Amino acid sequence: MSDVSVMTRGDPQTGSGYALELRDISKKFGALEALAGINMLVRPGERRAVLGSNGAGKTTLFNCITGDFMPTTGAIRFFGEDITVFPAQERIRRGLRRTYQISLLFTGLTVLDNVYLACRGVSRGRFSFVRPRRGDALMQTAEELVATVNLSDAINTPVSELSYGQQRQLEIAMALSGAPRFILFDEPAAGLSPTERVELIKILTGLPSHVGYIIIEHDMDVALRVSEQVTMMHNGRIFKEGKPAEIEDDAEVQALYLGGNADE
Amino acid sequence: MAETSSPSVLRAETNSWFDRVPPAYWVLGVVLLVIPAFVSDFVMGEIMARAFIMGIIALSLMLLGGYGGMVSLAQMAFAGFAGYMIAVFGTSAITDISQGWPWWIVIPLALILTIILSTAVGWLAVRTEGIYTIMITLAIAAAFFYFTRQNYDIFNGFQGFNSVLPPQLFGVDWRGSYAFYYLTLFWAILGYAVVLYISRAPFGLALQGVRDNPRRMSALGYNVTAHRVAAYAFAGLIAGIGGILLTWQLSQISPGTVGIGAAIDVLVIAVVGGLRHPIGPFIGAFIFVVLETFAKDFLVTLGLSGDRFQLVIGLGFLIIVFFSPDGLLGLWDKFRAARNRDPLTGQDRGEREL
């Protein structure tokens, strides 16, 4: 953490000019090195895909960025601010959002309540004992977000009764709540039907241009269509970065993804 | 899913709370208001009022367990603590200890001290999950029981305090059977309504979010620990009100009131009634009190020894929990779902209630 001060590049006002800066991130679970020496710079509004086989460390990387785990070494900056040791809720309040690979929803509550909680989490009044009134601004925002992900028909349905695809859509609505500046999507297309995938691509490409994101996705079709930069990970390391077209044509990538002569 | 959408959206938009109270509640409300005219003092005081009081104490557990996912066995200890505080600072037959301060200082003071105690206990207990929360709160309940029994300077040891009576206010003897019935009814309804209201307010929704998924709540920007501790504080206030009423009803407070058995009774009441809705604890309390009162007579009627009345109580609860792990509320939901189902298609007919 101490050697973070070497950052000099970029706009001095925002610190560095990057939305997200990862410097030499590593994460060890006992003897297992899940991440090793990860460096990544993401500009504000940039859309990036992180690809890699199972166990490449993609989700671990997300967990370090969002504060679910602390990295073993390295520094994380979010819009110039060093957030390496911040608890998760502080990172959220600064505009960082994520979705989860396994749905982590509030199954006992309705769709609207889930989104409302997500909106409320980044605003004041979290301890309020007063029910939101009709036309409450936050409640309206929540309703709009539900509409954005095409769940208006199920707005008062308990989450435990939603289909898997609907739960994934709800995850996205929750990530969009409360003016996000940067979102981490963890396999949003996993388990979705082809139609739902098309909808997902529409939602992702339709996000406001100032909202950047990193998406972990196994479906190359989805990943390459919604990103402008691609980072390939393998065994806890980054081994290639580039534009979607370059990555798609890369022989090494193809070998890894098609299970050819990868060194596993 | 589609069939639930538009009517339920509209229902949420209904104007006044008045319109949203289901008719059954009006009927129940009227019955509870006029019932003293038709029943004996014994039924009013020993069954109805006692059911309301035990319901209030169990309501505090329902709030923690049902909305917060935290099962606390210390609720009876909080209730007993509030009862002890009104005895210590107010009036009782133990004039060496009781300070004799006026009620308008004593009651708020007792409740504030109870909130402080429950916040402190909550702060300890929220570090644990599941069975460990039960263990730590059971340990606290047991410690409180033994402490009150052995401490003579404040808690007057084994004997406790007797002649702890409600104040004479507005020329009403609040210990009188009618007045006490309405007093407990008032606090039961208020407690019920407040908990129900809060369940849909940001604090209550957040608490349910913490129950369903604490990790996600923290990732949404909530301070999970603070929400849990706040729930303990609020539950402490509810239990404290119940405890004061209980002390007035018995006109005494002693270690027996806060024993382990009593702590488990509160859990049994909440579980039998159902933890999902604040009406549950009151249903559970009513059944508990009825069983507690009549089990002995029932055995004697059958020609058995009345000493085994605990067995009848235990069997009654076993039967309820066996048929519905969700308590009586769960049974009611099953019944309603079955009635709602179309016998030909097996489909839901689409009538839903919250």
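Residues numbered from 1 in each chain as written. Chains lettered and ligands numbered in written order. Predicted model: local features only at pLDDT ≥ 70, side-chain atom pairs only at ≥ 80, totals over all residues. Heavy atoms only, no water.

## Some words on the domain arrangement of chain A
Residue and element names in this part refer to chain A. What counts is decided by this rule: These domain limits were set by an automatic method or by a database of domain assignments. Every residue pair with non-hydrogen atoms within 4.5 Å of one another is taken to be in contact. Throughout, the accessible surface (probe 1.4 Å) given up by two parts as they are put together, summed over both, is called the buried area. The definition of a polar contact used here is a pair of N or O atoms within 3.5 Å, where within protein one atom must be able to donate a hydrogen and the other to accept one, and adjacent residues in sequence count solely through side-chain atom pairs. Each helix corresponds to a stretch of at least 4 residues labelled H or I by DSSP, and each strand to a stretch of at least 2 residues labelled E; elements are numbered beginning at the N terminus. Throughout this entry, Asp, Glu, Lys and Arg are counted as charged residues, while Ala, Val, Leu, Ile, Met, Phe, Trp, Tyr, Cys and Pro are counted as nonpolar. The remaining residues, Gly among them, count as polar.
By the assigned domains, chain A splits into domain 1 (1-95 + 180-264) and domain 2 (105-174). The gap between the C-alpha centroids of domain 1 and domain 2 is 27 Å. Across the boundary between the two partners, domain 1 contributes 13 residues, which contact 10 residues of domain 2. Both faces considered, domain 1 and domain 2 share a buried interface measuring about 860 Å² in area, 61% of it formed by carbon and sulfur atoms. Connecting domain 1 to domain 2 are three residue pairs in polar contact (both at pLDDT 80 or more). Elements supplying a minimum of two residues to the side of domain 1 that touches domain 2: α2 (88-93), β7 (182-186) and α6 (194-205). With four residues, the single largest contributor to the side of domain 1 that touches domain 2 is α6. Looking at side-chain class alone, the side of domain 1 that touches domain 2 contains seven nonpolar, one polar and five charged residues.

## Focus on the pairing of strand β2 (residues 32-42) of chain A
Residues and elements named next belong to chain A. Applicable threshold: A pair of strands is labelled paired if DSSP reports no fewer than 2 bridges between them.
Sheet topology places strand β1 (residues 20-29) next to β2; seven bridges connect them, and they run antiparallel. Of the residues in β2, the one forming a bridge with Phe29 is Leu32. Hairpin connection of β1 to β2: two residues between the antiparallel strands, including Gly30 at a positive phi of 60°.

## A closer look at the packing of aromatic side chains
Threshold: Pairing of aromatic rings covers Phe, Tyr and Trp, the last counted by its six-membered ring, and requires centre-to-centre distances within 6.5 Å; plane angles under 30 degrees mean stacked, over 60 mean edge-to-face, and any other angle means tilted. When the NZ atom of lysine or the CZ atom of arginine is within 6 Å of a ring's centre and also within 35 degrees of its normal, the charge is said to sit over that ring.
Under the counting rule described, the total for this entry stands at 15 aromatic pairs over all chains. Pairing Tyr25 of chain B with Tyr192 of chain B gives two aromatic rings, centres 6.1 Å apart and planes at 40°, and the pair type is tilted. Taken together, the residues span a long stretch of sequence, with Tyr25 of chain B in helix α3 (residues 23-34) and Tyr192 of chain B in helix α8 (residues 177-198) at a distance of 167 residues. Across the ring face of Phe79 of chain A, the terminal group of Arg181 of chain A is positioned such that the distance to the ring centre comes to 4.1 Å.

## Section: the interface of chain B and chain A
In plain terms, the rule: One side-chain nitrogen of Lys or Arg within 4 Å of one carboxyl oxygen of Asp or Glu is enough to make a salt bridge.
On the chain A side, the residues contacting the 37 residues of chain B number 41 residues. For the pair chain B and chain A, the summed buried area comes to about 3400 Å², and 56% of that belongs to carbon and sulfur atoms. For the pair chain B and chain A, the number of links is three salt bridges. Note that Asp113 of chain A is salt-bridged to Arg200 of chain B, the shortest N-O span being 2.7 Å. Counting the contacts that link chain B with chain A gives seven residue pairs in polar contact (both at pLDDT 80 or more). Breaking the side of chain B that touches chain A down by element, the ones donating at least two residues are α1 (2-12), α8, α9 (202-212), α10 (214-219) and α11 (224-250) of chain B. Taken together, the residues that form the side of chain B that touches chain A break down as 17 nonpolar, 12 polar and eight charged.

## Comments concerning unusual backbone geometry
All names here are of chain A. In this model, Phe79 sits at a positive phi of 50°, which is unusual for a non-glycine residue. The residue Phe79 is located in the loop between β4 (73-78) and β5 (81-82) in this model. Phi at Asn150 takes a positive value of approximately 60°, unusual for a residue other than glycine. By the element assignment, Asn150 lies in the loop between α4 (137-148) and α5 (164-175).

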